[in-house]
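Secondary and tertiary structure notes
Spelled out from the first residue to the last, the chains are:
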Amino acid sequence: MYNSADESFDGTYHTNIVVYSDGTCFWLPPGMFKSTCNIDITWFPFDDQFCQLKFGSWTYDGLNINMWPTNGKGGDLQSFIKNGEWDLIGMPVKKNTVFYDCCPDNPYYDLTYTIHIRRRHLYYICNLVVPSIILSGLALLVFILPPDAGEKIGLGITIMLSLCMLLMIASDSLPKSSDAIPLLVLYFGAVMIICSFSILATVLVLSLHHSSPGHHTMPVWVQRGICEWLAWILFMKRPGRTMTRKAILERSVQIEMQEKSSKSLLANVVGEDEMHPLTNGTFTGGMKALDSFENQHISTHTCSTRSELRAIHKELKTITDKMKQDDEDNVVIADWKYAASVIDRLCLYLFSFLIVVISLGVVLSAPHVV
């Protein structure tokens, strides 16, 4: 065998040759052959391997020894013992004629048997592929878990560590080769990248969920773009609001009209304040009218009564302003939480689509799955 990897080079057992009266010689030596073979792990664990065994004579050329296969289909596979890791698909044979530079007129014949084996992938599907698909599906639960649960980032990191452990197990099963990146490793890498981005998206969601009016001012594009239009695109509902295109447009027009009216009202109030300045900053127009009424009709009241009324008015105004501010803050906080839930829903749809596409891409690109 030309491409032998045996230390003794010839792995056959030396037996006698049977010579017939017509000059025909029959030689059938048993032996174990070791050969080199290039392993292609591009489609691991759905890979096929082709190993060649080249038989010929080192001493005699084709004028002295002629070689041809007894079976045109290749080697005899009837005595093959089934293997748990590989399936023997076939062993075709090809006769080659080679002319060397030393002897250009003398042909040299050799028979090249190509062993076609296919890896049995059931073990790898059950122990590596299926767990990775399950973990990638669990990564989607990060976007379903409520932010108030406090375990969104912890769940994402746990899934990431589990994928790293599976990748280490897969690396132990892979042949040590740098010629190509196996399909299974590409799938693990894609799923790990998706899980990494899911953790980043979870951080963004938690940041939006815990935002407050005291620290963050909600931009207009968040209020209208995310809480209104993006929620409508994702078919999300919000209690107390109609999430339709017509309702969103009407609310946008109402908000613009309120902003314009508030600006004009503020300008009118400022003009009236300049024309009629108050003697005391705590009085309003109503209190000034009250003082005028008191000066005209109730002359017996003392300054202490007016001071008490002013104090009561001030306290009532403070309480009213505080309640109004709390209501406005609660509305803004609810908007921030709803924006976080919208981003959660968007990430759920987006990452689900990516995982399905990647899984189908791996399955469809494999040479054979069944």
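Residues numbered from 1 in each chain as written. Predicted model: local features only at pLDDT ≥ 70, side-chain atom pairs only at ≥ 80, totals over all residues. Heavy atoms only, no water.

**With respect to the packing of helix α2 (residues 152-173) against helix α3 (residues 183-209)**
- Between α2 and α3, the least distance of the axes is 10 Å, while the angle of their chain directions is 170°. Taken as axis vectors, α2 and α3 run roughly antiparallel relative to one another. Crossing of α2 against α3: the hand is left-handed. Packed against α2, whose contacting residues are K152, I153, G156, I157, I159, M160, L163, C164, L166, L167 and A170, the element α3 presents L184, V185, F188, V191, M192, C195, S196, I199, T202, V203, V205 and L206 at the interface. (Axes fitted to C-alpha atoms, helices over the stretch in contact; angles between N-to-C directions. Helix = DSSP H or I, 4+ residues; strand = E, 2+ residues; numbered from the N terminus. Parallel < 35°, antiparallel > 145°, perpendicular 65-115°, else oblique. Left-handed = near helix turned anticlockwise from the far one by under 90°. Contact = heavy atoms within 4.5 Å.)

**Things to note about the confidence of the model for the protein**
- Within the protein, residue pLDDT values average 80, and 86% of them lie at 70 or more.
- Strand β1 (residues 18-19) holds the highest mean pLDDT among the elements of the protein, 92, whereas helix α6 (residues 285-297) holds the lowest, 49.
- Within the model, pLDDT remains below 50 along residues 269-287, and this stretch shows eleven contacts once partners closer than five positions in the same chain are excluded. (pLDDT = per-residue confidence, 0-100.)

**Describing a nonpolar patch on the surface**
- A contiguous nonpolar surface patch, about 410 Å² in accessible area, is contributed by V130, I134, L138, L141 and I144.
- Among the structural elements, V130 can be located in helix α1 (residues 122-138). (Patch = residues over 30% accessible without salt bridge, like charges linked within 9 Å, V, L, I, M, F, W, Y side chains within 5 Å. Areas by Shrake-Rupley, 256 points an atom, 1.4 Å probe, with all protein chains shown as cover. Salt bridge = Lys/Arg side-chain N within 4 Å of Asp/Glu carboxyl O.)

**Remarks on the layout of surface pockets**
- Looking at the largest pocket, its volume works out to about 1900 Å³.
- Along the wall of the largest pocket there are 41 residues; nearest its centre are W27, P29, F55, M67 and L111.
- For the lining of the largest pocket, the secondary-structure elements that each account for two or more residues are β2 (25-26), β3 (48-56) and β6 (108-119).
- Here the lining of the largest pocket gets five residues from one element, more than from any other, and that element is β3.
- Looking at the lining of the largest pocket residue by residue, the class counts come to 24 nonpolar, 15 polar and two charged. (1 Å grid on protein atoms, 1.4 Å probe; cavity = no way out; pocket = protein on both sides within 12 Å on 5 of 7 lines; lining within 4 Å. Points joined across faces, edges and corners; volume = space filled by probe spheres on them. Nonpolar A, V, L, I, M, F, W, Y, C, P; charged D, E, K, R; others polar.)

**Details of unusual backbone geometry**
- At the junction of F44 and P45, the peptide bond is cis and its omega measures out at 5° in the coordinates.
- Within the element layout of this structure, P45 appears in the loop between β2 and β3.
- Of note, the phi angle at F235 is positive, near 60°, even though the residue is not glycine.
- Relative to the elements of secondary structure, F235 occurs in the loop between α4 (220-233) and α5 (245-275).

**Digging into the nonpolar core**
- Residues I226, Y338, V342, I343 and F351 are the most contacted members of the largest nonpolar core, which totals 25 residues.
- When residues of this core are traced back to their parent elements, those giving at least two are α3, α4 and α7 (303-365).
- Ranked by residue count, the leading element in this core is α7, at ten residues.
- Ignoring anything within four residues of it in the chain, the contact list for I226 reads W221, A231, A339, V342 and I343.
- Counting 24 residues, the second-largest nonpolar core is a separate cluster that includes L135, M160, L183 and Y187. (Core = buried A, V, L, I, M, F, W, Y, C linked by side-chain atoms within 4.5 Å. Buried < 20%, exposed > 50% of the residue type's maximum accessible area, 1.4 Å probe, protein only.)

**Observations regarding the state of the cysteines**
- By the definition in use, this model includes one disulfide.
- Paired by a disulfide, C37 and C51 hold their sulfur atoms 2.0 Å apart. The S-S bond linking C37 to C51 shows a torsion near -85°; that makes this disulfide left-handed. Here C51 lies in strand β3 and C37 lies in the loop between β2 and β3, a separation of 14 residues in the sequence.
- Under the relative-accessibility criterion, C37 is labelled partly exposed at 26%.
- Of the residues examined, C51 reaches a relative accessible area of 17% and is grouped as buried.
- With no disulfide of its own, C103 lies 3.4 Å from the sulfur of C102, the closest cysteine sulfur. (Disulfide = S-S within 2.5 Å.)

**As for the packing of aromatic side chains**
- The final tally for this structure, using the stated rule, is eight aromatic pairs.
- Judged by centre distance (5.4 Å) and plane angle (85°), the ring pair of F33 and F55 falls under edge-to-face. Remark: F55 occurs in strand β3 and F33 occurs in the loop between β2 and β3; sequence separation between them is 22 residues.
- We classify F33 as partly exposed; its relative accessible area is 39%.
- Arranged with centres 5.2 Å apart and planes meeting at 15°, the rings of F143 and F351 form a pair that is stacked. Taken together, the residues span a long stretch of sequence, with F143 in the loop between α1 and α2 and F351 in helix α7 at a distance of 208 residues. Each member of the pair F143 and F351 is classed as buried.
- Pairwise contacts between aromatic rings join F33, F55 and Y113 into one cluster.
- A cation over a ring is seen here: K95 above Y109, with NZ or CZ 4.6 Å from the ring centre. (Phe/Tyr/Trp six-rings, centres within 6.5 Å; stacked < 30°, edge-to-face > 60°. Lys NZ or Arg CZ within 6 Å of the ring centre and 35° of its normal.)

**A word on the side chain of D335**
- For D335, the location among the structural elements is in helix α7.
- Overall, D335 belongs to the buried group, its relative accessible area being 4%.
- The residues contacting D335, other than those within four sequence positions of it, are M218, Q223, C227, R238 and R241.

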